[in-house]
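Coordinates in review
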Amino acid sequence: VVETRDGTIAVASAFPGHQEAVQDRDHKFLSKAVEEAYKGVDCGHGGPFGAVVVRNDEVIVGCHNMVLNNTDPTAHAEVTAIREACKKLGKIELSDCEMYASCEPCPMCFGAVHLSRIKVHPLPYHSSSGTIWFIESLINNLVECCNAEAGVRSQGGSCYCHWIRRLHC
């Protein structure tokens, strides 16, 4: 463990290949979240957002935005994924789970993340540094963005463009 001049703390890997293993895992689950986003857009269910809930390296649920399909403005991908995971696991506290999402949570979704105690790994939307763009000062230290490679990050942006094109067809 190393403390830098600006007071941040860096943790050195305990074994060779650790960082690569974490990035591969993050890439795998973020890609699944982006796939969910495409499914929702292609079905016309809602906006270009997807989320998967993972426990013990297994996807428990995969969901996408259902706002239009359910005529429910709260049916965002993250909220839907939390609801489905809670039902499937029979509990409302998900601290033993992680959520991978195709973008940062909006304030409503962040509220659901906070209440369920799930750890969330969003795909950074506007920032390659992994900062949060909705309510950055409040949640930046509570939500851990994945250092997704450019390829996955561009997939999320491509899904958004795909959605816009479908809206205007």
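Residues numbered from 1 in each chain as written. Predicted model: local features only at pLDDT ≥ 70, side-chain atom pairs only at ≥ 80, totals over all residues. Heavy atoms only, no water.

In the nomenclature of an unreviewed UniProt entry, the protein chain corresponds to CMP/dCMP-type deaminase domain-containing protein from the organism Aegilops tauschii subsp. strangulata. Checking UniProt for the protein chain, the heading Sequence similarities (unreviewed entry) contains the comment "Belongs to the cytidine and deoxycytidylate deaminase family." (UniProt positions renumbered as here; feature names shortened; annotations may be inferred.)

**Topic: the side chain of Ser31**
Secondary-structure assignment places Ser31 in helix H1 (residues 18-43). A distance of 2.8 Å separates a polar atom in the side chain of Ser31 from the backbone oxygen of His27. (Helix = DSSP H or I, 4+ residues; strand = E, 2+ residues; numbered from the N terminus. Polar contact = N/O pair within 3.5 Å; in protein donor to acceptor, adjacent residues only side chain to side chain.)

**A few points about the pattern of salt bridges**
According to the stated counting rule, one finds seven salt bridges in the structure shown. Between Glu98 and Arg25 there is a salt bridge, and its shortest N-O distance comes to 2.6 Å. Taken together, the residues Glu98 in strand S5 (residues 98-101) and Arg25 in helix H1 connect sequence positions 73 residues apart. With a relative accessible area of 18%, Glu98 lands in the buried category. Looking at Arg25, the relative accessible area reads 23%, which means it is partly exposed. A salt bridge links Lys39 to Glu36; the nearest nitrogen and oxygen atoms lie 3.3 Å apart. Residue Lys39 and its partner Glu36 are located together in helix H1, separated by three residues, close to a single helical turn. (Salt bridge = Lys/Arg side-chain N within 4 Å of Asp/Glu carboxyl O. Buried < 20%, exposed > 50% of the residue type's maximum accessible area, 1.4 Å probe, protein only.)

**Regarding the sheet that holds strand S3 (residues 50-55)**
Strands sit in the order S4-S3-S5-S6 across an open sheet of four strands; the sheet is mixed. Among the strands making up the open sheet, the edge pair consists of strand S4 (58-64) and strand S6 (119-122). If you compare each strand with its neighbour and ignore which way they point, the axes differ by 20 degrees on average. With six bridges joining them, S3 and S4 adopt antiparallel strand pairing. Looking at S4, one finds that Ala51 is bridged to Cys63. In this fold helix H3 (residues 77-89) packs onto S3, S4 and S5, with an angle of close to 135 degrees to the strand it touches most, S4. (Pairing = 2+ DSSP bridges. Axes fitted to C-alpha atoms, helices over the stretch in contact; angles between N-to-C directions. Contact = heavy atoms within 4.5 Å.)

**Here we look at the packing of H3 against helix H4 (residues 107-116)**
The description of two packed helices rests on the angle between their axes and on the distance between the axes. Relative to each other, H3 and H4 sit at 25 degrees, their axes nearing to 8 Å. The angle between the axes of H3 and H4 places the two elements in the roughly parallel class. Here the hand of the crossing between H3 and H4 comes out left-handed. Contact with H3, carried on its side by Glu78, Val79 and Ile82, involves Met108, Cys109, Ala112, Val113 and Ser116 of H4 and no other residues of that element. (Parallel < 35°, antiparallel > 145°, perpendicular 65-115°, else oblique. Left-handed = near helix turned anticlockwise from the far one by under 90°.)

**A look at the environment of Ser158**
Within the fold, Ser158 resides in helix H6 (residues 150-167). The exposure class assigned to Ser158 is partly exposed, which follows from its relative accessible area of 35%. Put simply, Ser158 and Tyr38 are 120 residues apart on the chain and 9.4 Å apart in space, counted from C-alpha to C-alpha.

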